[in-house]
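An overview of the molecular structure
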Amino acid sequence: MISRPLLVETLAKLIKPGEDVLVHASMNAIGPIDGGPDALRDALLECLGTNGTLVTLSSTRQEFAETGVFNVRYSKSDVGALGESIRLHHEALRSRNPM
């Protein structure tokens, strides 16, 4: 099980405060994280600091293709647990484009 402190320590070697980071990751490929995708999201944000930007895909391709409906606030991301966790963060901003 990967702890959040270990995530922060490892990510801080790659990510500097104030950077813009695009992330797309398989939680299965990373392995078990204590706290799951929320812990990874929070570790990324901690490394980026208050001036950094975390960007991820939060597409709703399947839902939009089936229904033609997209709600920027409520449509769930269909590209993974990390993207959904980032989308749900209280400071997240989301594009109005469903794809």
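Read on for an overview of the structure. (Residues numbered from 1 in each chain as written. Predicted model: local features only at pLDDT ≥ 70, side-chain atom pairs only at ≥ 80, totals over all residues. Heavy atoms only, no water.)

Close approach of charged atoms allows side chains of opposite charge to pair. Scanning the entire structure with this criterion turns up four salt bridges. Measuring nitrogen to oxygen at the nearest pair gives 2.9 Å for the salt bridge that ties Arg4 to Glu46. Placement of the pair is Arg4 in helix α1 (residues 4–11) and Glu46 in helix α3 (residues 36–48), with a sequence separation of 42 residues. Given a relative accessible area of 33%, Arg4 falls into the partly exposed group. Glu46 gets classed as partly exposed once you look at its relative accessible area, which sits at 45%. Put simply, Asp42 and Arg41 hold a salt bridge, and the shortest N to O gap is 2.9 Å. Three or more residues are tied together by salt bridges with common partners; here these are Asp38, Arg41 and Asp42. (Salt bridge = Lys/Arg side-chain N within 4 Å of Asp/Glu carboxyl O. Helix = DSSP H or I, 4+ residues; strand = E, 2+ residues; numbered from the N terminus. Buried < 20%, exposed > 50% of the residue type's maximum accessible area, 1.4 Å probe, protein only.)

The next point concerns the nonpolar core. Of all hydrophobic cores here, the largest spans 17 residues; its most connected members are Leu11, Ile15, Leu40, Leu44 and Leu54. Where this core is concerned, the elements lending two or more residues are α1, α3 and α5 (81–88). At six residues, α3 tops the list of elements feeding residues into this core. Excluding its chain neighbours within four sequence positions, the residues that come into contact with Leu11 are Leu40, Ala43, Leu44 and Cys47. (Core = buried A, V, L, I, M, F, W, Y, C linked by side-chain atoms within 4.5 Å. Contact = heavy atoms within 4.5 Å.)

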